[in-house]
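# Chains, contacts and geometry: an overview
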Amino acid sequence: MVRLLNFFCVAFMGLSILALYHVSEATRVARVELERTNHQIAETRGHISVLQTEWERVAGPARIQQLAELQGMSDTTSVQLSSFDQLPRRGEDTAPLGNTPLHNASAVVPSRPAPATDSGM
Amino acid sequence: MGLIPRRIIIGAGLCVVAFALVGIRLVDVTLMQGGVAASVSGRVIAARADLTDRNGELLARDLPVKDLYARPRVLWDKAQAARDLARVTGADMRRLDNGFNTARHPYVLVARQLTPDQQDSVMHLGLPGLEFEPSAKRYYPDGRTAAQLLGVTDADNNGVSGLELGLNEKLHSQAGSQVATSIDKRVQYILAHETESARQMFTARAAGGVVMDVNSGEIIAMISVPDFDPNQRRLGAGDSTRNVMAQDVYELGSVFKIFSFALGFEDKTMHLDEVFPIGQGFRIGKYTIHEAEHMPATLQARDILAQSSNIGTSQIALRSGGVRQRAFLQKIGLLGPIRSELPEMARPLYPRANWGAIETATVGFGQGISVSPLSFVAAAASMVNGGRRITPTFLKQAPGADNRKEQVIRPDTSEQMRDLLRYVVTNGTGRKADIPGYDVGGKTGSAQVPGPNGRYIPHALRTSFISIFPVHKPRYILFVLLDQPHGTKETGGFALAGYTAAPLAGKVISRIAPLLGVPNTAPPVKLARGNS
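Because the structure is a prediction, the values reported are computed rather than measured.

## So, the overall build of chain B
Regarding its fold elements, chain B presents 17 helices and 14 strands. In terms of its C-alpha atoms, chain B occupies a principal-axis envelope of roughly 125 × 75 × 65 Å. Long-range pairs, those at least 24 residues apart, make up 69% of the contacts in chain B with a sequence separation of at least 6.

In structure tokens form, the structure reads like this:
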């Protein structure tokens, strides 16, 4: 009985060694594969980083202005630009664009026309 | 019988322990170490964090490059290898030749920061004993646009100037992530473009500009020309690494008059309707103060600022006196260097020993005191933001952040100053900065330029314009500076600030105000007409 038990134990140990060796090999191969994949990921991220930087360069304000000038586009005067929250609501003719305190603020200081010269030393 | 089961139990126990150890090791190898390896090798090699603008647009990034090393022992023909490597990498051939023949170490550095094209060229040489080491190279997509502001790094990826130096530790500690600056790339470009255009038009020696949020202190844009290409290691002809807005101090001239008026309001020594005698000259001891342009015999206080009268401003400054003036300038931070994330700063120059009547008068109209433009902008912002001190910052703040500190002038004084600056633009020397739809307030400054011998250079001017918009609820302050501009046919030969700096400020504001979401107050009827 004891011998049989010993035999099974030893056999089980032998099988376990084989199984562990298999797992170990599989792990080693998987690690190599993982390292290669990680390397590829790092390389791809590097390429993405370069492409993002290249995009920032070609889509930068300087390039856009250059292209706009090539197409004969000119700067829009500031008075033609506004934002949605500045647009009057339905039923409001001018407000808030026309008669806001901001717009009329220039009249706060009484005006007295004078020549546009700067006399700083 | 009793002993046998005990041995078996002990043997079985040992087996369990052995299997448990193997199991733990398996878990350690497969899960723990594997995870660490994955996280390490998954990163892009970056020594420093990216620098971005306030909208997340890239300003500076480490790009993956390779350093090339050679093992001289395995090179067949060292002289030929040195020639070939020098040709494709740009390295010094003599250094390589010398290094290959007298190398004490197994490896010799051939070249650093090789681009992918250069790496391909090296590979095509087919030389043995070459090894590439991953490295990083700092790249600035916008090139010259923010060169002095961002600064550069050295070959070891340490900051040597600008924000690269000022934020060096932060950029190193956050490598692989991003650090958001307060800069708006669009505004930076517009300011750079318009300032360089003005510099060329007026053939000025140098020029610069700053845009700052008056409540948060965020610097939205800062430029200095001539500039340089931060992606090249060498400076080209006419290039300069100097940031004139932070590193240099200037006598700014008449823009300084706003402080004399603010002090006058604070001390209640004058009111806007008061009439001051101007005349042909104003004697203080053995000195006589003159106007640069012809002035009427008398001027109201508001027109002293609008017409930029030196004599009128001197009288206003003298009413407060030198002691009070000095304390006031100290209080608003103009008598010390300004501290920010930017390492470049300059100490102001002012009369330290004797601050008498003549010094009070000249400082009152911006001569005899030299400050950096950045210090001036911060002090001017505190005059219009409700009267509270503000320190510039180059790091992005939370939306709507209010970083204003202690009160330096009363809120009602600040309100009077805003009205007065608007008056200068509508009725005075700053008319060319009056942009339809945006209520701009501002002040011109045309200062004399001291030469190397300390005397003022005849006919040389340094012109500037400080502007705020929208004037009655200020959000942004813009300061532009032109060093020794020349008049043109369009300006009638005049090079004063009203003809050079004010139009420049107007152009910049008309382009950046819509981008910054400043309310457009132009009436709709005008809008419709413009569109037709």
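## Thoughts on the overall build of chain A
On a plain count of helices and strands, chain A comes out with three helices and zero strands. Start at the N end of chain A and walk to the C end: the helices and strands fall as α-α-α.

## Regarding the sheet that holds strand β7 (residues 219–225) of chain B
Residue and element names in this part refer to chain B. As summarised here, the arrangement of the five strands in space is β7-β6-β14-β13-β12, forming an open sheet in which the pairing is antiparallel. Edge positions in the sheet fall to β7 and β12 (441–450), since each of these pairs with one other strand and no more. The sheet shows a mean angle of 10 degrees between the axes of neighbouring strands, direction not considered. Relative to β7, strand β6 (residues 206–213) is paired through six bridges, and the arrangement is antiparallel. Bridge assignment links methionine 212 to a residue of β7, and that residue is isoleucine 219. Along the sheet face, helix α14 (residues 373–384) touches β6, β13 (456–469) and β14 (476–483) and points at about 145 degrees away from the line of β14. In the packing of helix α16 (residues 501–515) onto the sheet, the strands contacted are β6, β12, β13 and β14, and the crossing angle to β13 comes to about 25 degrees.

## Focus: the domain arrangement of chain B
Residue and element names in this part refer to chain B. What the domain assignment lists for chain B is domain 1 (50–72 + 80–92 + 99–181) and domain 2 (188–529). When each unit is reduced to the centre of its C-alpha atoms, the spacing between domain 1 and domain 2 is 41 Å. At the interface, 20 residues of domain 1 touch 18 residues of domain 2. Of the residues assigned to the side of domain 1 that touches domain 2, the class counts are eleven nonpolar, seven polar and two charged.

## Some words on unusual backbone geometry
All names here are of chain B. The amide bond that connects valine 225 to the next residue, proline 226, takes the cis arrangement and shows omega of 5 degrees. Take proline 226: it is sitting in the loop between β7 and α9 (257–267). Of note, the amide linkage connecting phenylalanine 469 to proline 470 takes the cis form, showing an omega dihedral of -15 degrees. Counting through the fold element by element, proline 470 comes out in the loop between β13 and β14. Backbone geometry at lysine 268 places phi at a positive 55 degrees, although glycine is not the residue there. Locating lysine 268 in the fold gives a position in the loop between α9 and β8 (275–277).

## Here we look at the pairing of strand β2 (residues 58–70) of chain B
All names here are of chain B. Burial of β2 is extensive: ten of the 13 residues sit out of reach of the surface. Pairing geometry for strand β1 (residues 50–52) and β2, over two bridges, is antiparallel. When the sheet's bridge partners are listed, leucine 51 is paired in β2 with alanine 60. Of the strand pairs in this sheet, β2 and strand β4 (residues 130–139) are connected by ten bridges, and their pairing is antiparallel.

## Re helix α8 (residues 185–201) of chain B
All names here are of chain B. For α8, with 17 residues, the first-to-last C-alpha span of 24 Å sits near the 24 Å given by 1.5 Å per residue. Summarising burial for α8: twelve of the 17 residues are buried, a large majority. Looking at α8, one finds that the buried residues are Lys185, Arg186, Val187, Gln188, Tyr189, Ile190, Leu191, Ala192, Glu194, Thr195, Ala198 and Arg199. At the exit of α8 stands threonine 203, carrying a positive phi of roughly 40 degrees.

## A word on the nonpolar core
Residues and elements named next belong to chain B. Ranked by internal contacts, the top residues of the largest apolar core, which has 138 residues, are Val211, Met212, Val377, Ile477, Ala505 and Ile509. In terms of residues, this core owes the most to one element, α14, which gives nine residues. A domain split of this core shows at least three residues from each of domain 1 (50–72 + 80–92 + 99–181) and domain 2 (188–529). Beyond its immediate stretch of four places on either side in the chain, isoleucine 477 contacts Met212, Val214, Val377, Ala380, Ala381, Ile466 and Ile468.

## Let's talk about the environment of Pro72(B)
All names here are of chain B. The residue proline 72 is located in the loop between β2 and α2 (78–89) in this model. Note: C-alpha distance between proline 72 and valine 108 (36 residues apart in sequence) is 7.3 Å. Residues in contact with proline 72, not counting those within four places in the same chain, are Lys78, Phe100, Ala103 and Val108.

## Focus: the packing of α2(B) against helix α4 (residues 116–125) of chain B
Residues and elements named next belong to chain B. α4 packs onto α2 with a crossing angle of 160 degrees between their chain directions and a minimal axis gap of 9 Å. The pairing of α2 with α4 is recorded here as roughly antiparallel in orientation. Helix-helix and strand crossings are classified by hand; for α2 and α4 the assignment is right-handed. On α4, the residues touching Asp84, Val88 and Thr89 of α2 are Gln118, Ser121, Val122 and Leu125.

What counts, and where the lines are drawn
Residues numbered from 1 in each chain as written. Chains lettered and ligands numbered in written order. Predicted model: local features only at pLDDT ≥ 70, side-chain atom pairs only at ≥ 80, totals over all residues. Helix = DSSP H or I, 4+ residues; strand = E, 2+ residues; numbered from the N terminus. Contact = placed C-beta atoms within 7 Å. Pairing = 2+ DSSP bridges. Axes fitted to C-alpha atoms, helices over the stretch in contact; angles between N-to-C directions. Domains from an automatic or database assignment. Nonpolar A, V, L, I, M, F, W, Y, C, P; charged D, E, K, R; others polar. Buried ≥ 20, exposed ≤ 12 C-beta atoms within 10 Å, placed from the backbone. Expected span 1.5 Å × (residues − 1). Core = buried A, V, L, I, M, F, W, Y, C linked by C-beta atoms within 7 Å. Parallel < 35°, antiparallel > 145°, perpendicular 65-115°, else oblique. Left-handed = near helix turned anticlockwise from the far one by under 90°.

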